[in-house]
Amino acid sequence: CGNKPATLTCSQKVSTVDVELVANFTGNKINAMSMKYDMNLSSYSDTLVNTIGKQDYCKTVAKAMSQFTLVDCKQSIEDKHMIVSSGIDITKISSKDLTGSPAATKTALEKQGYTCTLK
């Protein structure tokens, strides 16, 4: 009964970027994580948006999220938004950091400024 799957979705706005972290739990253990960066480029010209789209934001996001190892990073421009989405390699995270109730993880991330929903 304690191994119910749960999904914790947390978001935080940092200047013009919306950051979303998703953790999938089975019971009190995270079995998958992913993240998404959504950068609003609506104030930029089309030319600048195209230039930004040619840069490697996966590397930039990987540096900003250096506590995680990103896997299968993809980037795209959609309606003047730079979207960077990636899985997070949970084999590179210590097992103690992957263990804990979804509710406790939600509380910890909310203390870091995230807004979280648990389903």
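The structure under discussion appears in the preceding block.
What you see is a predicted model, and the numbers here were worked out from it, not measured in a lab. (Residues numbered from 1 in each chain as written. Predicted model: local features only at pLDDT ≥ 70, side-chain atom pairs only at ≥ 80, totals over all residues. Heavy atoms only, no water.)

**Some points on the side chain of aspartate 89**
So, point 1. Secondary-structure assignment places aspartate 89 in the loop between β5 (81–88) and α3 (102–111).
So, point 2. Exposure remark for aspartate 89: the relative accessible area of 17% places this residue in the buried category.
So, point 3. For aspartate 89, the side chain forms a polar contact with the side chain of threonine 91, separated by 2.5 Å.
So, point 4. Look past the residues within four positions of aspartate 89 in its chain and what remains in contact with it is Thr69 and Val71. (Helix = DSSP H or I, 4+ residues; strand = E, 2+ residues; numbered from the N terminus. Buried < 20%, exposed > 50% of the residue type's maximum accessible area, 1.4 Å probe, protein only. Polar contact = N/O pair within 3.5 Å; in protein donor to acceptor, adjacent residues only side chain to side chain. Contact = heavy atoms within 4.5 Å.)

**Observations concerning the sheet that holds β5**
So, point 1. Strand order in the open sheet formed by 6 strands is β4-β5-β3-β2-β1-β6, with antiparallel pairing between adjacent strands. Because the sheet does not close on itself, it has two edges, and the strands there are β4 (70–78) and β6 (115–118). With strand direction ignored, the average angle separating the axes of adjacent strands in the sheet is 15°.
So, point 2. Of the strand pairs in this sheet, strand β3 (residues 29–40) and β5 are connected by 8 bridges, and their pairing is antiparallel. Paired with methionine 33 across the bridge in β5 is isoleucine 88. (Pairing = 2+ DSSP bridges. Axes fitted to C-alpha atoms, helices over the stretch in contact; angles between N-to-C directions.)

**A closer look at the environment of leucine 21**
So, point 1. Topologically, leucine 21 is positioned in strand β2 (residues 17–26).
So, point 2. Discounting chain neighbours no more than four positions away, the residues touching leucine 21 are Leu8, Thr9, Cys10, Ser34, Met35, Met65, Phe68, Ile88, Leu109 and Tyr114.

**Focus: the state of the cysteines**
So, point 1. Within the structure shown, the criterion is met by 2 disulfides.
So, point 2. Paired through a disulfide, cysteine 10 and cysteine 116 show a sulfur-sulfur distance of 2.1 Å. Measuring the twist about the S-S bond at about 115°, one finds the cysteine 10-cysteine 116 disulfide to be right-handed. Of this pair, cysteine 10 sits in strand β1 (residues 5–14) while cysteine 116 sits in strand β6; the two residues are 106 residues apart in sequence, bridging distant segments of the chain. The two residues cysteine 10 and cysteine 116 agree in class, both being buried. (Disulfide = S-S within 2.5 Å.)

**Looking at the pairing of β3**
Every regular strand shows the same layout, with side chains that alternate between the two sheet faces.
So, point 1. Inspection of the sheet shows β2 paired to β3 by 10 bridges, in the antiparallel sense. Paired with aspartate 18 across the two strands is aspartate 38, which belongs to β3.
So, point 2. Where β2 folds back onto β3 in an antiparallel hairpin, the turn is made up of 2 residues, including glycine 27, whose phi is positive at roughly 65°.

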